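In case you want the letters, here they are:
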Amino acid sequence: MFEFCTDPASLSGLRWFGCYLTTATHFSFYWSFGTVILLLLVTAPCALAFGFLGASAARSHVMPVSLVGRAYIAAVRGIPDIVFFLFFIIALDQGIEWFRHLMVCEDLSQPVWNNGEFRVCADAKVPAGDAAPWVVRAYAFGLAVFTFAIVFGAFAANVLYGAMQAVPRAQLETAESYGMSHRQVFRRILVPQMWIYALPGLSNLWLILIKATPLLFLLGIKDAVYWARELGSAKTSGNNPFPHGDWRLFYFLALLVFYLLATRISEIGLARLTRRLSHGQATRAGEEMRKGAAA
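Quick look at the structure, then. (Residues numbered from 1 in each chain as written. Predicted model: local features only at pLDDT ≥ 70, side-chain atom pairs only at ≥ 80, totals over all residues. Heavy atoms only, no water.)

## Side note on the overall build of the protein
For step 1, the next point in the chain: When you go through the protein residue by residue, the secondary structure sums to ten helices and two strands.
For step 2, the next point in the chain: Listing every helix and strand of the protein by position from the N terminus yields α-α-α-α-β-β-α-α-α-α-α-α.
For step 3, the next point in the chain: Since a compact globule built from 295 residues should have a radius of gyration of about 19 Å, the 25 Å found for the protein marks it as more spread out than a globular shape.
For step 4, the next point in the chain: Along the three orthogonal principal directions, the C-alpha set of the protein runs to about 80 × 70 × 30 Å.
For step 5, the next point in the chain: Scored against the burial criterion, the 295 residues of the protein give a buried share of 35%.
For step 6, the next point in the chain: For the protein, long-range pairs separated by at least 24 residues make up 65% of all intrachain contacts whose partners lie at least 6 apart in sequence.
For step 7, the next point in the chain: As displayed, the protein offers around 17700 Å² of accessible surface, 65% of which is attributable to carbon and sulfur atoms. (Helix = DSSP H or I, 4+ residues; strand = E, 2+ residues; numbered from the N terminus. Rg over C-alpha atoms; globule rule 2.2 N^0.38 Å. Buried < 20%, exposed > 50% of the residue type's maximum accessible area, 1.4 Å probe, protein only. Contact = heavy atoms within 4.5 Å. Areas by Shrake-Rupley, 256 points an atom, 1.4 Å probe, with all protein chains shown as cover.)

Spelled out as structure tokens, the structure:
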């Protein structure tokens, strides 16, 4: 905050707005956009990893493994996102505390579920009651990332499974006829070629993930949506140094611009990635690039 902001009541015009926009709560609002970007950067590769494992399992020739992969894809995709988020994050949190309860608590005579309430000893609480604020925030963020990865990993698994099926079977059979094992065919032929078929679906999934980041607000994390609502609400009390009316429209307009910019930047990056992956591929885009180079 600027030096002249010590007495906001004496300010007006641009100076008032300068002081208003540089308060500690506004800097928390600005940093919350970094939280959204960090969630995207961490969740996307985690979801892709879950998706690859799920698609590989669904395609397995071992029946139990295939059933697990197909069940993961069907179960998670069949549950509304908001229901899964609110259920899974509570179940995961209580599961971690229950496991720690069995490991560190001395008195195990009382059930953890008592009269409909979940109770564990103080040492089993995660995070601990005296944990630093950053530890609490990091734990909540970690749960959110894992939950997002599980949900969007199921959608990614469905996309990758379809992409694996789209790779021409003749190429796989040719590789096998040259003496390659199933693992070699999978690693050297199937996986490198499936990405061009998976990219359209993964691109849509990435854009959906961007749109889903406001769900952090429902998971108790103070993200951009939380601060936009808090800062934009009417502040007219006498002890408030920066009184104002209901400005939520302007704060949510800022969120709208942020998400539109993120979407546009993503579209540009994904288009370049598509062109790069299309080189040498037997697809329409690959054929157009080959003909263009030949001309």
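On we go from here.
## Concerning the state of the cysteines
For step 1, the next point in the chain: Here the structure, examined in full by the defined rule, presents one disulfide.
For step 2, the next point in the chain: Here Cys105 pairs with Cys121 through a disulfide, and the sulfurs are 1.7 Å apart. Across the disulfide from Cys105 to Cys121, rotation about the S-S bond amounts to roughly -70°, and the bridge is consequently left-handed. In this pair, Cys105 is assigned in the loop between helix H4 (81-104) and strand S1 (113-114) and Cys121 in the loop between strand S2 (117-118) and helix H5 (133-166), connecting sequence segments 16 residues apart.
For step 3, the next point in the chain: By relative accessible area, which is 8% here, Cys105 ends up buried. (Disulfide = S-S within 2.5 Å.)

## Some points on the packing of helix H2 (residues 24-58) against helix H3 (residues 63-77)
Helix-helix packing is characterised by the crossing angle of the two axes and by the distance between the axes.
For step 1, the next point in the chain: It is at 6 Å that the axes of H2 and H3 come closest, and there the two elements cross at 130°. The orientation of H2 with respect to H3, classified from their angle, is oblique. Viewed along their axes, H2 and H3 form a crossing whose handedness is left-handed. On H3, the residues that touch Phe50, Gly54, Ala57 and Ala58 of H2 are Val65, Ser66, Gly69, Arg70, Tyr72 and Ile73. (Axes fitted to C-alpha atoms, helices over the stretch in contact; angles between N-to-C directions. Parallel < 35°, antiparallel > 145°, perpendicular 65-115°, else oblique. Left-handed = near helix turned anticlockwise from the far one by under 90°.)

## Quick notes on the environment of Val65
For step 1, the next point in the chain: The residue Val65 is located in helix H3 in this model.
For step 2, the next point in the chain: The exposure class of Val65 is partly exposed, given its relative accessible area of 36%.
For step 3, the next point in the chain: Between the C-alpha atoms of Val65 and Phe85, which are 20 residues apart in sequence, the distance is 25 Å.

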